[in-house]
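# Examination of the molecular architecture
Here's the letter readout for the chains.
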Amino acid sequence: MADSKSFSVLARAKSFRYAFAGLWLMLRTQHNAWIHLAGTLAVCAAGWALHVSNADWRWLVVAIVMVWIAEALNTAFEHLCDVVSPDFHASVKASKDIAAGAVLICALGAVVIGALVFVPYVTD
Ligand SMILES: Nc1ncnc2c1ncn2[C@@H]1O[C@H](COP(=O)(O)OP(=O)(O)OP(=O)(O)O)[C@@H](O)[C@H]1O
């Protein structure tokens, strides 16, 4: 809740704990997150094995992070939708499907970035 409480290191530490708890919940419950984790580890291993340059690592980090952000927001959105409308609702379906589409866009973009980065290292 937004208010004008004074700054507290303890409160900030709690915020981090809540954020990590959210990520841990996503990792435990979302099968898509397992795929993202496998992809993340594979990309990092390939980047390390192929001695990818710092400039190219930047692109790989952007690709990895954008997919995780999309998945996290999609998961949060799904939870919210399930509270707002546990029963079938056409708008909930549209909302969930569009949010899932956002993850797909990021994942496809990440694949393109990965190809643009890795192909020259494999072919040259
Ligand atoms: N309350 C609801 N009302 C309408 N449609 C819903 C509702 N809940 C889910 N759906 C729709 O049902 C379909 C399947 O949803 P579900 O969340 O089970 O699949 P999913 O996207 O594969 O989920 P997950 O990523 O958790 O495996 C999707 O099209 C989703 O939009």
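Please read these numbers as outputs of a predicted model, since none were measured by experiment.

## Observations regarding the UniProt feature "transmembrane region" (unreviewed entry) in the chain
Per the UniProt entry, the sites bearing "transmembrane region" (unreviewed entry) are residues 33-51, 57-77 and 98-122 in this numbering. Taken end to end, residues 57-77 has its terminal C-alpha atoms 30 Å apart, with 100% of it in helix and 0% in strand.

## A few points about helix H1 (residues 9-29)
The end-to-end C-alpha distance of H1 is 30 Å, a good match for the 30 Å that 21 residues give at a rise of 1.5 Å each. The element H1 is largely exposed, with a buried count of zero among its 21 residues.

## Side note on the site of the ligand
Taken together, His31, Asn32, Ser85, Phe88, His89, Val92, Lys93, Lys96, Asp97 and Ala100 make up the full set of residues near the ligand. Per-element accounting of the shell around the ligand gives the leading share, five residues, to helix H4 (residues 90-123). Taken together, the residues that form the shell around the ligand break down as three nonpolar, four polar and three charged.

## Section: the nonpolar core
One recurring pattern in soluble globular proteins: nonpolar side chains tend to sit buried together. Core analysis: the biggest nonpolar cluster contains nine residues, these being Val43, Leu60, Ala63, Val67, Ala70, Val103, Cys106, Ala110 and Val117. Elements represented by at least two residues in this core include exactly helix H3 (54-84) and H4. Look past the residues within four positions of Ala70 in its chain and what remains in contact with it is Ala102, Val103 and Cys106.

## Quick look at the environment of Leu104
Checked against the element boundaries, Leu104 lands in helix H4. For Leu104, a count of 11 C-beta atoms within 10 Å puts it in the exposed group. Taking C-alpha positions, Leu104 is 22 Å from His89, a pair spaced 15 residues apart along the chain.

Thresholds, definitions, all that
Residues numbered from 1 in each chain as written. Predicted model: local features only at pLDDT ≥ 70, side-chain atom pairs only at ≥ 80, totals over all residues. UniProt positions renumbered as here; feature names shortened; annotations may be inferred. Helix = DSSP H or I, 4+ residues; strand = E, 2+ residues; numbered from the N terminus. Expected span 1.5 Å × (residues − 1). Buried ≥ 20, exposed ≤ 12 C-beta atoms within 10 Å, placed from the backbone. Near = placed C-beta within 6 Å. Nonpolar A, V, L, I, M, F, W, Y, C, P; charged D, E, K, R; others polar. Core = buried A, V, L, I, M, F, W, Y, C linked by C-beta atoms within 7 Å. Contact = placed C-beta atoms within 7 Å.

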